[in-house]
Amino acid sequence: MTKKQKLEKFISEIEKDLHHEITYYLEDQDYIDLVNQEIDLIDLLENTDFFNVDIIGTVKANKIIYDFGLDKAVEIAKDYGYSIDNFYTEALASIIESQKLRNKFDVIEGSIKDYIDNLNE
């Protein structure tokens, strides 16, 4: 198995933990650049809409906001320039889910870098 193939397999495993598809945003050359450490995965993904989660549907949006906590959700809305009078539940739920994805990715980013380092030893 080549280094590229090992990295592809590793990233597909990470996708299961994130519940979000990384491979959709990567081309063949990206894997090679990652293995050769010419680019960082986080930098690559930040240049796409990977971290932008779109929530569609008021019921789903309300559940996300309720589960997250209305007080915290209102604070996030304020951080993004919304007021209690004008925030859109789907947009707010999308912001919350995007932040959750970013936080999950931040937790595993070190293990991704370590894996790539180990591929090159």
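For clarity, every value in this text was computed on a predicted model and none was experimentally measured.

(A) Layout of the overall build of the protein. Tallying secondary structure elements over the protein gives six helices and zero strands in all. Moving toward the C terminus, one meets the helices and strands of the protein in the order α-α-α-α-α-α. Against the compact-globule benchmark of 14 Å for 121 residues, the protein has a radius of gyration of 17 Å, which places it well outside the compact range. The C-alpha extent of the protein, read off along each of the three principal axes, is 55 × 25 × 20 Å. For the protein, the share of sequence-separated contacts (at least 6 apart) that also reach a separation of at least 24 residues comes to 66%. Computing the positive centroid from 13 side-chain charges and the negative centroid from 27, the protein places the two 6 Å apart.

(B) A look at the environment of L7. Relative to the helices and strands, L7 is located in helix α1 (residues 3–18). Sequence separation between L7 and A91 is 84 residues, and the spatial gap between their C-alpha atoms is 34 Å.

(C) Expanded view of the side chain of D30. As for its position among the elements, D30 is in helix α2 (residues 28–35). Although D30 lies buried, it forms no salt bridge, and the closest oppositely charged side chain, K4, sits 10 Å away as judged by the N-O distance. Sequence-distant contacts of D30, that is, excluding residues within four places in its chain, are made with Y25 and L44.

Conventions and cut-offs
- Residues numbered from 1 in each chain as written.
- Predicted model: local features only at pLDDT ≥ 70, side-chain atom pairs only at ≥ 80, totals over all residues.
- Heavy atoms only, no water.
- Helix = DSSP H or I, 4+ residues; strand = E, 2+ residues; numbered from the N terminus.
- Rg over C-alpha atoms; globule rule 2.2 N^0.38 Å.
- Contact = heavy atoms within 4.5 Å.
- Lys, Arg positive; Asp, Glu negative; His and termini not counted.
- Charge placed at Lys NZ, Arg CZ, Asp CG, Glu CD.
- Buried < 20%, exposed > 50% of the residue type's maximum accessible area, 1.4 Å probe, protein only.
- Salt bridge = Lys/Arg side-chain N within 4 Å of Asp/Glu carboxyl O.

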